[in-house]
Amino acid sequence: MSMARRDAFSLVALALFILLAANPTSVESIGVCYGMLGNDLPSRSDVVKLYQTKGIRAMRIYAPDRDTFNALKGTGIELIVDVPKDLLPSLANDASAATNWVQNNILAYDGVSFKYIAVGNELIGNDANNILGAMSNIWDAICSAGRCGQIKVSTSVRFDVLTNTYPPSNSVFGASHMGPIVNFLKNTGNPLLVNVYPYFSYAGNQDQIRLDYALFTASGTVVTDGQYQYNNLFDAMVDSVYYALEKAGGSSVGVVVSESGWPSAGGAATTVDNARTYNQNLINHVRNGTPKRPGNLETYIFAMFNENQKTGDDTERHFGLFYPNQTSVYSINFN
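Residues numbered from 1 in each chain as written. Predicted model: local features only at pLDDT ≥ 70, side-chain atom pairs only at ≥ 80, totals over all residues. Heavy atoms only, no water.

Participant: What should I look at first to understand the overall build of the protein in this one?
Facilitator: Helix and strand counts for the protein stand at 11 helices and 12 strands. Buried positions account for 48% of the 335 residues belonging to the protein. Within the protein, counting contacts between residues at least 6 apart in sequence, those at least 24 apart form 67% of the total. Positive and negative side-chain charges of the protein, numbering 23 and 28 respectively, have mean locations separated by a distance of 7 Å. (Helix = DSSP H or I, 4+ residues; strand = E, 2+ residues; numbered from the N terminus. Buried < 20%, exposed > 50% of the residue type's maximum accessible area, 1.4 Å probe, protein only. Contact = heavy atoms within 4.5 Å. Lys, Arg positive; Asp, Glu negative; His and termini not counted. Charge placed at Lys NZ, Arg CZ, Asp CG, Glu CD.)

This is the structure we're talking about:
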């Protein structure tokens, strides 16, 4: 390379470095769940614009939604779309129904960056019986369309499919349906989606779990488990999943945290400050992974908005990062 070309190359490299330093991109590992259980939420197009404005590069929705799909076209925002549980029996027992579902809800929307299909969310008991069959048929339909290298198929599980989670290395799957699901994920190269909420663990065990341990603010090691040390509950919970996967023969199965968050009102330790602290620390933390599995840990914050039609405890209506009028419940930085 000539001196002139080398100098020109150096100047271009320097300019690129300055440009990137001045314009940081959003954290690749963070998405936000977009729940729609509210009668005062913004239009789908306005929601997608808010994601773009805030630099949020991934979204989860809990059922196919045409208006959301259309708003997402060409944005590059990656998407988890759930299969509602009432569809699972037909999808599990009829391969053609799965093919039609994929055609109508995935393939029909060119330009949408589908990343995962979550076959059911937190299903237990009899509702869980059709997960595996539906996953298998949807996966076959995705692969038949030539998309299995681009779109993953999994299910999103509650943390309490595990048992014996303290310390994390003792963890195993207690739910009987999980063994065959783990085997499917291992054989197809798909990850397990897990909803991980230190908040609920803390709220239900305040005499045993320190608040700073749940909020990522503990100053030192709180739990030691063999060679690993834990200063936050989130890491301990996620590593419990990895240990359970190993014991079920799924050591190669990855983990995506498909929900995590902290409510700003409605229950124990539900202040705006605690919600901000948890979610900001979560964003800052997950790029580093866990003690057992260092590296990027893809994670989705629940949720984008406070949803006034959610049922259950009052906390369920206060997980939002934003009010329905699109103002922030508290400031948070996705960069």
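So that's the structure; there's more coming.
Participant: How should the layout of surface pockets be read in this particular structure?
Facilitator: Where empty space is left can be seen by rolling a probe of water-molecule size over the atoms. Looking at the largest pocket, its volume works out to about 1,200 Å³. Lining the largest pocket are 41 residues, with Glu122, Phe159, Asn195, Tyr197 and Phe200 positioned closest to its centre. Looking at the lining of the largest pocket, the element that brings in the most residues is helix H10 (residues 233-247), giving 4 residues. Split into classes, the residues belonging to the lining of the largest pocket amount to 22 nonpolar, 10 polar and 9 charged. (1 Å grid on protein atoms, 1.4 Å probe; cavity = no way out; pocket = protein on both sides within 12 Å on 5 of 7 lines; lining within 4 Å. Points joined across faces, edges and corners; volume = space filled by probe spheres on them. Nonpolar A, V, L, I, M, F, W, Y, C, P; charged D, E, K, R; others polar.)

Participant: What's the story with the environment of Ile151 in this structure? I'm lost.
Facilitator: Structurally, Ile151 is set in the loop between helix H6 (131-144) and strand E5 (152-157). Sequence-wise, Ile151 and Ala108 are 43 residues apart; in three dimensions their C-alpha atoms are separated by 14 Å. Those residues within four positions of Ile151 in sequence are excluded, and the remaining contacts are Ile106, Phe114, Lys115, Ile117, Trp139 and Ile142.

Participant: What should I look at first to understand the nonpolar core in this one?
Facilitator: Generally speaking, a soluble globular protein has its nonpolar side chains buried in company with each other. Counting residues in each nonpolar core, the largest one holds 93 residues, and the members touching the most others are Ile117, Ile138, Leu192 and Phe234. Ile117 has contacts with Val81, Val83, Trp101, Ile106, Ile138, Ile142, Ile151, Lys152, Val153 and Ser154, leaving out every residue within four places of it along the chain. With 12 residues, the next largest nonpolar core counts Ala118, Tyr300, Phe302 and Phe319 among its residues. (Core = buried A, V, L, I, M, F, W, Y, C linked by side-chain atoms within 4.5 Å.)

Participant: Looking at this structure, I do not really get the pairing of strand E2 (residues 58-61). What am I missing?
Facilitator: Taken residue by residue, a regular strand's side chains alternate between the two faces of the sheet. In E2, alternate side chains face the same way, and those of Ala58 and Arg60 on one face and Met59 and Ile61 on the other are all buried. As paired elements, strand E1 (residues 30-33) and E2 share 2 bridges and run parallel to each other. Across the sheet, residue Val32 finds its bridge partner in E2, namely Met59. Assessed by its sense of winding, the connection that carries the chain from E1 through helix H2 (residues 44-54) to E2 is right-handed. By the bridge criterion, 4 bridges tie E2 to strand E3 (residues 78-83) in an arrangement that is parallel. Bridge assignment links Met59 to a residue of E3, and that residue is Leu79. Between E2 and its parallel partner E3, the chain crosses via helix H3 (residues 66-72), and the hand of that crossover is right-handed. (Pairing = 2+ DSSP bridges. Right-handed = clockwise from strand over helix to strand, strands pointing away.)

Participant: Sorry if this is basic, but what is going on with the pattern of salt bridges here?
Facilitator: Charged atoms that come close allow side chains of opposite charge to pair. All told, the structure shown has 13 salt bridges when counted by the stated rule. One salt bridge in this structure joins Glu246 and Arg293, with 4.0 Å as the shortest N-O distance. On the criterion of sequence distance, the pair formed by Glu246 in helix H10 and Arg293 in the loop between helix H11 (272-285) and strand E12 (299-301) is long-range, its members being 47 residues apart. Measuring nitrogen to oxygen at the nearest pair gives 3.1 Å for the salt bridge that ties Lys310 to Glu316. Overall, the relative accessible area of 17% leaves Lys310 in the buried class. Shared partners join several salt bridges into a network, and the residues in it are Arg60, Asp82 and Glu259. (Salt bridge = Lys/Arg side-chain N within 4 Å of Asp/Glu carboxyl O.)

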